[in-house]
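Coordinates in review
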Amino acid sequence: MGTTNATEIDNFIKADSIELSQLDDIKILIVDDCRVSSFRIKEILRSLSVTNVELCHSYQDAVKLCQKNDYNVLILDYHLEQDLNGSELYELLIGKKYLTSYCSVITLSSDSSSQTVMNALAKVQGAYLTKPTNSKVLSRKIQEAYASYKIQRAIFRFERSNETEQAIELAIKYSIQNSFNTRMEFYILDFYEKHRTIEQTIALCSRKEFANRANFICKKIELEYQQNELTIKNFILKLSLFIKDYPNHIRAFDLLSDALVKSESNVQGVKIAKKALELTPAVKFRALKLSRLSITTMDFDALSFSGKLLGKNLTISEFFWSSFVAEYLCNVETFYQKSNKPEEKKALLALLKEFRKISSRKLLPEQNEQLDLLFIISQCRIDILEGNAHAAKVKLGIELFEHMSDCSELDSVVLVDSLVILYILGEFRLFILFFNTIKSREQKSLYCKRQLDFFSNKSGIVRSVAISSKSLNKASLCLSNSEYEDALAIYAEVIKDSPYSSEACLGYLDCHIKLNIDIPKKLVPQIAAISYIKLPEKQEKWCNQILRSLSINKTMVDDEIAQPTCALLKETDILNKLHHVLIFP
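Residues numbered from 1 in each chain as written. Predicted model: local features only at pLDDT ≥ 70, side-chain atom pairs only at ≥ 80, totals over all residues. Heavy atoms only, no water.

1. Considering the overall build of the chain
Keep this limit in mind: Runs of E in the DSSP output that reach at least two residues are strands. Runs of H or I that reach at least four are helices, and both are numbered from the N terminus. Here's how the labels work: a residue is buried when its accessible area is under 20% of the maximum for its type, exposed when over 50%, partly exposed in between, all with a 1.4 Å probe on protein chains only. In short, Shrake-Rupley with a 1.4 Å probe defines the accessible areas, and a residue's cover is counted only from the protein chains shown.
Helix and strand counts for the chain come out as 29 helices and five strands. Residues counted as buried form 54% of the 585 residues belonging to the chain. Total accessible area on the chain is roughly 27,300 Å²; 50% of this is exposed by carbon and sulfur atoms.

So, in structure tokens, the structure goes:
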């Protein structure tokens, strides 16, 4: 563990045992867009003999400084008048690994509302101070933050050297003597969940040092239910009573909403989930949870509310921002499919437009390009649900076929979200390109992993694509060898399962031309499948040659395009299964 050991840590295990004289080696960064406020804090720190302090007034400067320097404590203004607030800046710095996981954070704000405080602490487990602060309060919080930094660093080093028992012993010892360090309590409970039995964790929560602390009380209730010591009814009752005593304990709201849904009290479950989101509107998983639950009760208002908060709180600091958007879109599509009210469906389409508008506000231009693609893909899925594969193909062709040769710049979620549409439309070569690209990327969100698992294992789609692609390769070889009848038979088989496949339809039509078979009415579905559609360059040339060679009745083609087809029933079932996997992992 280097120069830090348990004996040394015992010397400052109590936060109040760190005196001001011990802070001479502390390094602090203050991030506040208000210069007056930041200079005042720096002056207070200087009066406390804390001199190693740097200031910056924008998140961009904070990123640059943290990239070059190691800080023990960050003092962040929550309401930065920029694209990111203090909590989001912290997420960005941690995500880029410009901060150590054990760096302590003090959040400052003139806003003392419970919603702001809980939003901040939901992302950054540290101290929250209301402006203006005084030297006495700031002194105490700096001492506590530096003590916490040293303890967290020691724990990190124990873990890195596989001395996990020393790490948890130190964490428990520190937590016993410092009862207001939530970050440490979560560490202890997470450790016990991973490395101890349920019985041992319940025993920990029952210790006199922890028995009256909210996090331990809530965990004990949860584990007693898991052990079948509580019925679902008593579990709900205990959680309800706990929330009365601790009305801001968000984890209890999450557990209660899940329990209510499990007991088939869906309306109450949605109500509690909405309350949790109201308390922490910036927490994405709660917005997604409410949107999922809204489907069980067909609660349009809850779906709309969750979308507004999700979109409003998307930021450039979110590494997997596109996964949040994609999952919400899937929830809206499922709601759309279950609705039998035309006016409600119209309202859902308007909701999607509003969500798109809200979501774009804090994203960078390149992120907005990917956002546009996600919404187009969602529109394509809705077109398919409505039985209009041609409209889906037109939209997708305009946006995605240009990436036939290179899809490296596409977001992973855009790639994986496109797969089901490409499969349904029979664009197998593009499917394989996108699938292999996303599979080869190291960083994948849980959303992407679930989709890949669905395509590879749960649905058998990857195997089906491989078979169809092999058939198309064989047909193409037959066509180039002038074996037109064999090629025609293979293309016809592919079209049976994939009637919108561009390559299969083009090959099928070309074989008819080569064999001098002229049955215009019979060929209308295949002509319709390639009409008014932007195709990859090679297929575009092939398509133009074919259409010039055929005698086409444009009215017949247009009528075919306008007719929903029963062939979409199977594809709609695929979308159902995919949405089920995404919504109920």
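That shown, we press on.
2. Considering helix α6 (residues 135-160)
Note the threshold: Take the number of residues in a helix, subtract one, and multiply by 1.5 Å to get its expected span. Whenever two N or O atoms come within 3.5 Å, that pair is a polar contact, provided that in protein one can donate a hydrogen and the other can accept it, and provided that, for residues adjacent in sequence, both atoms are side-chain atoms.
Compared with the 38 Å implied by 1.5 Å per residue over 26 residues, the 37 Å span of α6 between its first and last C-alpha is a close match. Near the N-terminus of α6, the side chain that reaches the backbone nitrogen of K136, with its oxygen 3.2 Å away, is that of N134.

3. Describing the side chain of N331
With respect to the helices and strands, N331 occurs in helix α16 (residues 321-338). A polar atom in the side chain of N331 sits 2.6 Å from the side chain of S291.

4. Describing a negative patch on the surface
To be explicit about the condition: Here, patches come from residues exposed beyond 30% relative accessible area and free of salt bridges, joined within 9 Å for like charges and within 5 Å for nonpolar side chains (Val, Leu, Ile, Met, Phe, Trp, Tyr). Salt bridges are identified by distance alone: a Lys or Arg side-chain nitrogen within 4 Å of an Asp or Glu carboxyl oxygen. Asp and Glu are treated as the negative residues and Lys and Arg as the positive ones, with His and the ends of the chain left uncounted. Taken as the charge centre is NZ of Lys, CZ of Arg, CG of Asp or CD of Glu, depending on the residue.
A cluster of acidic side chains, namely E366, E369, D406 and E409, defines a negative patch on the protein surface. For D406, the location among the structural elements is in the loop between α19 (389-400) and α20 (412-424).

5. What to know about unusual backbone geometry
Positive phi, normally seen in glycine, also occurs at S49, with a value near 70°. On the basis of relative accessibility, which here comes to 52%, the residue S49 falls in the exposed class. Positive phi is not limited to glycine here, since S482 has a value of about 65°. Relative to the assigned elements, S482 resides in the loop between α23 (461-480) and α24 (484-497).

6. Observations concerning the sheet that holds strand β5 (residues 127-130)
Worth spelling out the cut-off: Paired strands, as defined in this entry, are two strands with at least two bridges between them according to DSSP. Axes, fitted as lines to C-alpha atoms, cover a helix only where it is in contact. Angles between the N-to-C directions of the axes lie from 0 to 180 degrees. The contact rule is simple, with two residues in contact once any of their heavy atoms fall within 4.5 Å.
Sheet architecture is open: five strands sit in the order β2-β1-β3-β4-β5, paired in parallel fashion. Each of the sheet's edge strands pairs with one partner strand only, and the pair in question is β2 (53-56) and β5. Direction aside, neighbouring strands of the sheet carry axes that sit 20° apart on average. In the sheet, strand β1 (residues 28-31) pairs with strand β3 (residues 73-77) via four bridges, with the strands oriented parallel. What sits directly across from I30, in β3, is I75. In this fold helix α3 (residues 59-68) packs onto β1 and β2, with an angle of close to 145° to the strand it touches most, β2. Against the sheet, α6 engages β1, β3, β4 (104-109) and β5, with an angle of about 150° to β4.

7. With respect to the pairing of β4
In terms of burial, β4 is largely enclosed, as six of its six residues are buried. Neither face of β4 is exposed, since S104, I106 and L108 on one face and V105, T107 and S109 on the opposite face are all buried. With five bridges joining them, β3 and β4 adopt parallel strand pairing. Following the sheet pairing, L76 is matched in β4 by T107. As defined by bridge partners, β4 adjoins β5 across four bridges and the pair is classed as parallel. By the bridge assignment, L108 is partnered in β5 with L129.

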